[in-house]
Structures are given as C-alpha cells and as structure tokens.
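Structural description and commentary
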Amino acid sequence: MNLNRRTKMIVFVGVIFAVLAAVYLAGLFISDDFIAADFSQKGLKPSWEHPFGTDMLGRDMLARTMKGLSVSIIVGTVASTVSAVIALIVGVAAASGVSWLDHFVNWMIDLVMGIPHTVLLILISFACGKGLKGVLIGVAITHWTGLARIIRSEVLQIRSQQYIEVSRKLGHSSRWITVHHILPHMVPQFLIGLILMFPHAIMHESSLTFLGFGLPPEQPAIGIILSESMQYLSAGMWWLAFFPGLMLVIIVLLFDRLGENLKKIMDPYSAHE
Amino acid sequence: MQIEGKNISFRYHERMPWILKDVSISIEEGERVGLVGPSGYGKSTLMRILSGYLEPQEGSVRLDGKPLPKKGISPVQLIYQHPEKAINPRWKMKKVLEESGMFREEVMEALGIERDWLNRYPRELSGGELQRFCVARSLFQGTHFLFADEMSTMLDVITQAQIWNLMLKEVKERRLGLLMVTHNAELAKKVCTRIINLKEINHIGENGNGAG
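For clarity, every value in this text was computed on a predicted model and none was experimentally measured.

**Details of helix α4 (residues 127-138) of chain B**
If you check α4 of chain B, its first and last C-alpha atoms are 17 Å apart, about what 12 residues at 1.5 Å a residue would give, namely 16 Å. Across the 12 residues of α4 of chain B, 10 count as buried, placing the element largely inside the fold. Among the residues making up α4 of chain B, those that are buried are Gly128, Leu130, Gln131, Arg132, Phe133, Cys134, Val135, Ala136, Arg137 and Ser138 of chain B. Those residues of α4 of chain B that are buried are in contact with α7 (162-169) of chain A together with β6 (76-79), α2 (93-99), α3 (105-110), β7 (145-149) and α5 (157-174) of chain B.

Shown next, in the form of structure tokens:
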C-alpha cells in the first residue's frame, strides 16, 4: 500500500486512540468479581492464569491495573479538559487589550507556576476534601498556566494581523472578531495542549494518590496499587509494582505520542498542502 | 464628501524623530490622487493615519469636518500591498467576501473573480487573484474613499493593468475618492488626476525638529 505521510499519521493516531479507548472500556466493564479477595490465590507470581500476578489479598493484578488505568483516564480527561478551557478563557481575556487584566493574568500564572507543583496539588486536594473530587479540582486548576501563556501570545500575534484591522474597519465588533477570526486559530493549540496535558494530569493524579492525598484506598487506582506494593517490594514481590507502573508509563507515552502526532497533522502551515 | 488631514504630526515613540510634521492634505470625492515620495518617507504612515488605523500625535483627520468614526463601518477603506497578509489564512474566499457583505455577482464579475475560487483557501490563489478579493471586499455601498497602499507593486505587469482597469472603472462609476501610493510614476500619471509629493508637504527638518 502506498500511503502518504499524512494518511499514515492519521492511521497511527487512530490506532493510539483506539488502544486508549479500549483500556478505558476494559477497565469500565471488568466486573468487581475479578478483583474480589481470594486468599487461596494470594501472592502468586505472574502466570498464564494471572499475567500480572496476584497481590497479598489474592486479587488479580491485571484486572486491578486495568480498572486503575480506567480511573486514571477519566481523571485525566476531565481534569485536562477543565484546565484547557480555563487556559483558553484566561489566555484570550489576557490578550483582549485591557492592560490591568493582562497584568493580573500574568501575575496569576507566575503565582501558580511559582509554587512547587506537587505542594500546590497536595494543598488544593487536601483543602477540597481529598478523594476523586479533591484530585480533580487540584489537577484541573493547576495545569492551565502553560497553555494559557501559549494562547495569550498566539492571540496577541493574531490580533496584530492586517486582516483583523481590516475586519474592524469593516464594522465588526471585538466579540465578532474574537469568535470568527481568533478562536478558529486557537483550535489546534487548544486540542494539542489538551492532549499533551493528559500525561501530566494522569501522573499527578497517581502521585497524589500514591502520597495518600488523593483517591481513597478502596478505589483501584494506579497510585493506590503502587503505594500498597511498596510494602511487599522488599519481600521480593516485584510484579506488584512492575506491571502497573509499566502500564502507567505506556499509557502516558501513548497520550504523548497522540498529541505530538496530532500536532504534526494540524500544523496550520501544512494543513492544505 | 471630503477627507482632510489637518496639520498632522506623527512619530512612533516620544524619543523617536518625527516622521510626519505639520502635514495637511485633502481629497475630494471623485478625485484620484497619487502620493509619491522616497522610500521610508512616511507615505504608508500618512495613509494609515488618514484611514484611521493610527492616531496622529498632533493634528486631526476630518471627514466633512467631522472626526473619523472610531467604531462601525468605515467610509475610508485601505487596500494593502500584501493581500496574503490582509486575508485570514484559515478562511475560504467566500467568507472573506461575506465578511464585508460583498458576496455579490456584479462585484465579482466586475473584478473578474471566478466562481470556483470561492471554495479555495487563500494559499491556493495567486497574489493577483487575492488582491482582487481585497478590492472587492472594500467596495461596499458605504465606501467613499479608497486608499491603495502600493496595491499592485507585488504583481506582474499584466495583472497590475487588469486590476487597475477594473478598479478605475468602479472608482469612476461610483465617483469614489482614491488615494494611491506608488513608486511607478507612469502608473500614477495614467491613474491620477492630481499628484502630491510628500516631500513638499512634510515639514520635518525645519525648526530643528527633523530626523536625526
């Protein structure tokens, strides 16, 4: 088959997307029976029956990992979507030409970026009552800064274009110009920023949970699995940490690839070639 | 209608030298004026001031004795040198015409805009073809003055002639006021009813206020 690079890229992106969707759905539809405690099966090494082994309560690690990843993907999706929307609103507002607003937004960005990320996450998650809600809020309101900066400078650059000046002289209002001229230009930045935020969100969710400030212990989250496994690592039960950790890294890398490839596809200067 | 720049002075920054000093210029509707002068002398700046894109530090621009409208549709429209910069690269050409409400048969025909260009993106058209859209876009009912800032400089001779012929026809029919900047003296002679040399109306270099 003779495909050009663009088509290959689109197929590649489609495959990645399908894998991620499959992991999410698998986690969603695995029944809780599979992760029920079974003390006759406890602490088994990886085998054909239990590819990822079992833990000290005899739960199948493959099922737990899948369920954990599913939770991570939901947290990642919601948190980074909220974050990206905040970034879009804040970025466009900062570049609207109102000087005090721009200063305020930049100050906010510096403030959020200036505090060590994990500390801020822990504080917010803790203040919001931990659990899924705390993690979601914490991750959502700490990840918008980078994208907001990019969008702000993008909007500033577009605003100085001649076609914006012309549009104004043709009698169009600021709002009309924002909706028709500026926002369409932000679509690629927004989508790519959103997808590249996924890995961060997932990692931070896991680390928060690992540290005990995130999801509750009964939830099958990757962070929980990893922090539990720490107790048994010295007993030689390496599979408890290895497989879930590896899967997390793979999912994060897949999201990263997805974003990078979408960037190539949506690059405005190659879009119509 | 008459557009008038009164004692216009302009510089880009307080510590920069004046670019324009005490420039007065006036154009009547139906008049075709050529603005000539050396490169970097402020021709484009003057044009941007007269069409309301820039605010002069001193002096004022008046349309029939009233200040230029700041909001809403401007009766003074500027056509740029680089059409590819003056058109949103993400818009199809049809939308470009719709933006100014000029998606109309007669205008498209008058300017030689072909139907199948309308569904293309700007990068899929040549400079001359794009410039036709810029002209068409500016020719709506409320336009009284057209300012052309080296509008045809980047185009080949044949396209230049085509665009100017079409443009002149429209300008004459609708008795628009035209102000054009060009380095092409022959073109200016052919198109204009009056030629202004910016050097003669710009008072920089007098009273120690000049450049340098």
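**Let's talk about empty space enclosed by the protein**
On inspection of all chains with the given rule, the structure shows one cavity of 30 Å³ or more. Space inside the largest cavity adds up to approximately 30 Å³. Around the largest cavity sit Tyr163 and His181 of chain A together with Ala86, Ile87, Asn88, Trp91, Val96, Glu99 and Arg137 of chain B, which together line it. When the residues that make up the lining of the largest cavity are grouped by side-chain class, the tally is five nonpolar, two polar and two charged.

**With respect to the UniProt feature "transmembrane region" (unreviewed entry) in chain A**
On the UniProt side, "transmembrane region" (unreviewed entry) is annotated at positions that read residues 9-30, 69-95, 107-126, 182-202 and 236-255 of chain A here. As a span, residues 236-255 of chain A carries 85% helix and 0% strand, and end to end its C-alpha atoms are 32 Å apart.

**As for the pattern of salt bridges**
All names here are of chain A. Evaluation of the coordinates by the stated rule reveals 11 salt bridges over all chains. A salt bridge links Asp102 to Arg152, with the nearest nitrogen and oxygen atoms 2.7 Å apart. You can see Asp102 sitting in helix α3 (residues 99-114) and its partner Arg152 sitting in helix α6 (residues 145-159), a full 50 residues away along the chain. Taken as a pair, Asp102 and Arg152 share a single burial class, namely buried. Two residues, Asp110 and Arg149, come together in a salt bridge whose shortest N-O distance is 2.6 Å. Within this pair, whereas Asp110 is found in helix α3, its partner Arg149 is found in helix α6, the two being separated by 39 residues in sequence. Among the residues examined, Arg149 registers a relative accessible area of 36% and is labelled partly exposed.

Rules used in this analysis
- Residues numbered from 1 in each chain as written.
- Chains lettered and ligands numbered in written order.
- Predicted model: local features only at pLDDT ≥ 70, side-chain atom pairs only at ≥ 80, totals over all residues.
- Heavy atoms only, no water.
- Helix = DSSP H or I, 4+ residues; strand = E, 2+ residues; numbered from the N terminus.
- Expected span 1.5 Å × (residues − 1).
- Buried < 20%, exposed > 50% of the residue type's maximum accessible area, 1.4 Å probe, protein only.
- Contact = heavy atoms within 4.5 Å.
- 1 Å grid on protein atoms, 1.4 Å probe; cavity = no way out; pocket = protein on both sides within 12 Å on 5 of 7 lines; lining within 4 Å.
- Points joined across faces, edges and corners; volume = space filled by probe spheres on them.
- Nonpolar A, V, L, I, M, F, W, Y, C, P; charged D, E, K, R; others polar.
- UniProt positions renumbered as here; feature names shortened; annotations may be inferred.
- Salt bridge = Lys/Arg side-chain N within 4 Å of Asp/Glu carboxyl O.

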